[in-house]
Amino acid sequence: AVVSTQSTGQQRHYHEEYERLQDALVAEKLHKPTSHMEHINSEHRAAYLFNRLHETTENMVRTYQDKDGSRQEEIAVIGGLNEFQEFYNRLRRIKELHKGGDEVAAPMVMEFLEMKEQRENPDDNEEWAEFTDEEGYGRYLDLHEAYDQFVNLKHSTKIDYLTYLTSFDRFFEFPKEKKLTSDYRKYLSTLRDYLIGFMERINPLMNFSKEKERIAEDFDEKWEKGTFPGWGRDPTSAMKTGNTLDLAPFDSPEELASLGLDRLKTALQALNLKCGGTLMERAQRLFSTKGRDVNDLDPSVYAKSKKSREESVRQREIALLEAFVYHYTELLSEQRAATRENVERRQARTADEVDDDDDSEGGEEEDDGEDVIPYNPKNLPLGWDGKPIPYWLYKLHGLNLYFNCEICGNFKYRGPKAFQRHFAEWRHAHGMRCLNIPNTAHFANVTLIEDARALWEKIRAEKNKEKFQKEYEEEFEDSHGNVVSRKVFNDLKRQGLL
């Protein structure tokens, strides 16, 4: 669309674009994708609309601020004494602009109509993000590059790719002294960059800047406390470097000197200060730190301060890379589990099945790469080969049956096997925790919230009955040798009948 060079025309254009972007963004978020690929494309369209809406808003604010005064000048010309002359002058310029031109500018609505058509009638060949064949358009992770770097690390254990998918985030098992190499840091950077890039492609609407700040804050807190996995403080370090000394009871270096050379040495080592010299030199050096921050001291009193500080900074940077990998691995837990299953499934194929796949891929190349949609009138689930499973197998596993679980947020499970398995999975356990009910075997096959609460009340009542009740079950013996309950014994005792 042609945008007017005049300020008022630009404002009208930005207002129209702003309203259309808002409507398109709302329609995109209300749309329910029917496939994984359509969901990814929908997220990218929404991110494109959101970024464009932000840019349009900034342009609109800039025109209203009118820092160059062009808007006020144009309003003065339009509303002046020669408004009709100005109108015909602009009309003449527009006609000259389009004189002899066969091209007609498409209205802005056409762009949004095309976007609506893409949303309502998705094209399988439309790709808004780039994925490798291994990633399956965002279904699986492709960590082969990071795996190659890992197996080439000097002190790494040589494992296969499937095992690596299970254990690649167990950095705490790697020796701390072997993490300070450049190869290990390069490996962590590759792994972090891939996980962040993959998350940006499958979830473009995530605020990655805030996510980065949140990771850094959590890391700083754990690092200061010494609780970050794999980088905790060495419990024997206090014995090696010495123990700190409380200087409050001492009023002079002479009083410190009475502690002896060895005690002053350990106290200086605890502060990473030089521990040599005579007894009085050590006492004066230690006493100079009283009431002062260690960072405010003269750098000359530190022992090898530069080297130790550089090593500490290097350790912190490597640990921060690990923190990013920990966080994004947790966010991508579903894709990680799906990747392991996909690798296992591919490794379990026979030679004939691999040959069949190669033949089918060759046939697809001969067909100019056209995707052939399998005939699936009954909407059967697809197998590992991308074809519908046999109907008898579909009926055998009961995949035509859907089971609803209110505790799981009315989530529907397909088939009795998946339904029975879900009682031990995280979704059902989370729902039971929200109800303050333990997820024990008593609640197997219970899917309604009301039934679960009623059963829990019944179990609690039965447990209360089984509890030992002192008033009625604790036995006492009176003066005549009669056995009575505690309540009866206390009543007789108060009445003086014992």
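Residues numbered from 1 in each chain as written. Predicted model: local features only at pLDDT ≥ 70, side-chain atom pairs only at ≥ 80, totals over all residues. Heavy atoms only, no water.

Novice: Report on the overall build of the protein, specifying residues and quantitative values.
Specialist: Helices and strands together make up the secondary structure of the protein, namely 22 helices and four strands. The burial tally for the protein puts 30% of its 498 residues in the buried class. Total accessible area on the protein stands at roughly 33,500 Å², and carbon and sulfur atoms take up 51% of it. (Helix = DSSP H or I, 4+ residues; strand = E, 2+ residues; numbered from the N terminus. Buried < 20%, exposed > 50% of the residue type's maximum accessible area, 1.4 Å probe, protein only. Areas by Shrake-Rupley, 256 points an atom, 1.4 Å probe, with all protein chains shown as cover.)

Novice: Before we move on, could you go through the nonpolar core and cite the residues and values that matter?
Specialist: Within soluble globular proteins, side chains that are nonpolar generally end up buried alongside one another. Grouped together as the largest cluster of nonpolar side chains are 45 residues, with contacts concentrated most on Leu143, Tyr164, Phe171, Tyr184, Tyr187, Leu191 and Tyr328. Of all elements in the fold, only helix 2 (36–65), helix 6 (144–151), helix 7 (161–167), helix 8 (182–202), helix 9 (208–225) and helix 14 (305–331) reach the threshold of two or more residues within this core. By residue number, the principal contributor to this core is helix 8, which donates 10 residues. In this view, Leu191 contacts Leu143, Ala146, Tyr164, Phe168, Phe171 and Val325; residues no more than four positions away in its chain are not counted. If you look at the next biggest cluster of nonpolar residues, it comprises 14 residues, including Ile407, Met432, Phe443 and Ala452. (Core = buried A, V, L, I, M, F, W, Y, C linked by side-chain atoms within 4.5 Å. Contact = heavy atoms within 4.5 Å.)

Novice: Can you lay out the state of the cysteines for me, pointing to particular residues and giving the numbers?
Specialist: Counted according to the given criterion, the structure contains zero disulfides. Cys405 carries a free sulfur, and the closest cysteine sulfur to it, the one in Cys408, is 3.5 Å from it. (Disulfide = S-S within 2.5 Å.)

Novice: Hey, could you go over the packing of aromatic side chains for me, with residue numbers and the actual values?
Specialist: A complete count under the given rule lists 22 aromatic pairs for this structure. With a centroid separation of 5.1 Å and 85° between ring planes, the pair formed by Phe219 and Phe228 is classed as edge-to-face. Ring pairing ties together the aromatic residues Tyr147, Phe150, Tyr161, Tyr164, Phe168, Phe174, Tyr184 and Tyr187, which thus form one cluster. A cation over an aromatic ring shows up here: Arg427 above the ring of Phe411, its NZ or CZ 4.0 Å from the ring centre. (Phe/Tyr/Trp six-rings, centres within 6.5 Å; stacked < 30°, edge-to-face > 60°. Lys NZ or Arg CZ within 6 Å of the ring centre and 35° of its normal.)

Novice: Tell me about the pairing of strand 2 (residues 411–414), residues and numbers included.
Specialist: Examined bridge by bridge, strand 1 (residues 402–405) and strand 2 share four bridges and lie antiparallel to one another. Each residue of the ladder has a partner; that of Asn404, found in strand 2, is Lys412. The antiparallel pairing of strand 1 with strand 2 creates a hairpin that spans five residues between the two strands, and Gly409 there sits at a positive phi of about 80°. (Pairing = 2+ DSSP bridges.)

Novice: Can you tell me about the packing of helix 1 (residues 7–30) against helix 2, naming the residues and giving the values?
Specialist: The contact between helix 1 and helix 2 brings their axes to 9 Å, and the two run at 155°. Classed by the angle they form, the pair helix 1 and helix 2 counts as roughly antiparallel. Considering how the two elements wind past one another, helix 1 and helix 2 form a crossing that is left-handed. Residue composition of the contact of helix 1 with helix 2, by class: 11 nonpolar, nine polar and six charged. (Axes fitted to C-alpha atoms, helices over the stretch in contact; angles between N-to-C directions. Parallel < 35°, antiparallel > 145°, perpendicular 65-115°, else oblique. Left-handed = near helix turned anticlockwise from the far one by under 90°. Nonpolar A, V, L, I, M, F, W, Y, C, P; charged D, E, K, R; others polar.)

Novice: Can you lay out the environment of Glu474 for me, pointing to particular residues and giving the numbers?
Specialist: By the secondary structure assignment, Glu474 is in the loop between helix 21 (470–473) and strand 3 (475–477). Glu474 sits 12 residues away from Arg486 along the chain, and the two C-alpha atoms are 5.6 Å apart. Excluding residues that lie within four positions of it along the chain, Glu474 makes contacts with Phe468, Gln469, Val484, Ser485 and Arg486. Of note is the side chain of Glu474, whose polar atom sits 2.8 Å from the side chain of Arg486. (Polar contact = N/O pair within 3.5 Å; in protein donor to acceptor, adjacent residues only side chain to side chain.)

Novice: Give me the side chain of Ser156: which residues, what numbers.
Specialist: Along the chain, the position of Ser156 falls in the loop between helix 6 and helix 7. Among the polar contacts listed, one links the side chain of Ser156 to the backbone oxygen of Phe150, at a separation of 2.8 Å. Those residues in contact with Ser156 that sit more than four places away from it in its chain are Phe150, Val151 and Phe174.

Novice: Give a detailed account of a nonpolar patch on the surface, specifying residues and quantitative values.
Specialist: Taken together, the side chains of Phe84, Phe87, Tyr88 and Leu91 define a hydrophobic patch exposed on the protein surface, amounting to about 450 Å² of accessible area. Mapping Tyr88 onto the fold places it in helix 4 (residues 83–98). (Patch = residues over 30% accessible without salt bridge, like charges linked within 9 Å, V, L, I, M, F, W, Y side chains within 5 Å. Salt bridge = Lys/Arg side-chain N within 4 Å of Asp/Glu carboxyl O.)

Novice: Tell me about the pattern of salt bridges, residues and numbers included.
Specialist: Taken as a whole and judged by the stated rule, the model has 21 salt bridges. Of the charged contacts, one joins Arg346 and Glu134 as a salt bridge, the two residues approaching to 3.1 Å between their closest N and O atoms. Residue Arg346 is located in helix 15 (residues 333–347), and its partner Glu134 is located in the loop between helix 5 (108–120) and helix 6; the two are separated by 212 residues in the primary sequence. Residue Arg336 pairs with Asp169 through a salt bridge whose shortest N-O separation is 3.0 Å. Here Arg336, found in helix 15, pairs with Asp169, found in the loop between helix 7 and helix 8; they are 167 residues apart in sequence, far enough to count as distant. The class for Arg336 is buried, based on a relative accessible area of 11%. By sharing partners, the salt bridges in this structure join Glu17, Arg52 and Glu111 into a single network.

Novice: I'd love a proper account of unusual backbone geometry, names of residues and values included.
Specialist: In the Ramachandran plot, Asn436 falls in the positive-phi region, its phi being about 60° despite a non-glycine side chain. Note on placement: Asn436 falls in the loop between helix 19 (426–434) and helix 20 (449–466). You can call Asn436 exposed: its relative accessible area is 66%. A positive phi angle is found at Asn445, which is not glycine, with a value near 70°. Tracing the backbone shows Asn445 in the loop between helix 19 and helix 20.

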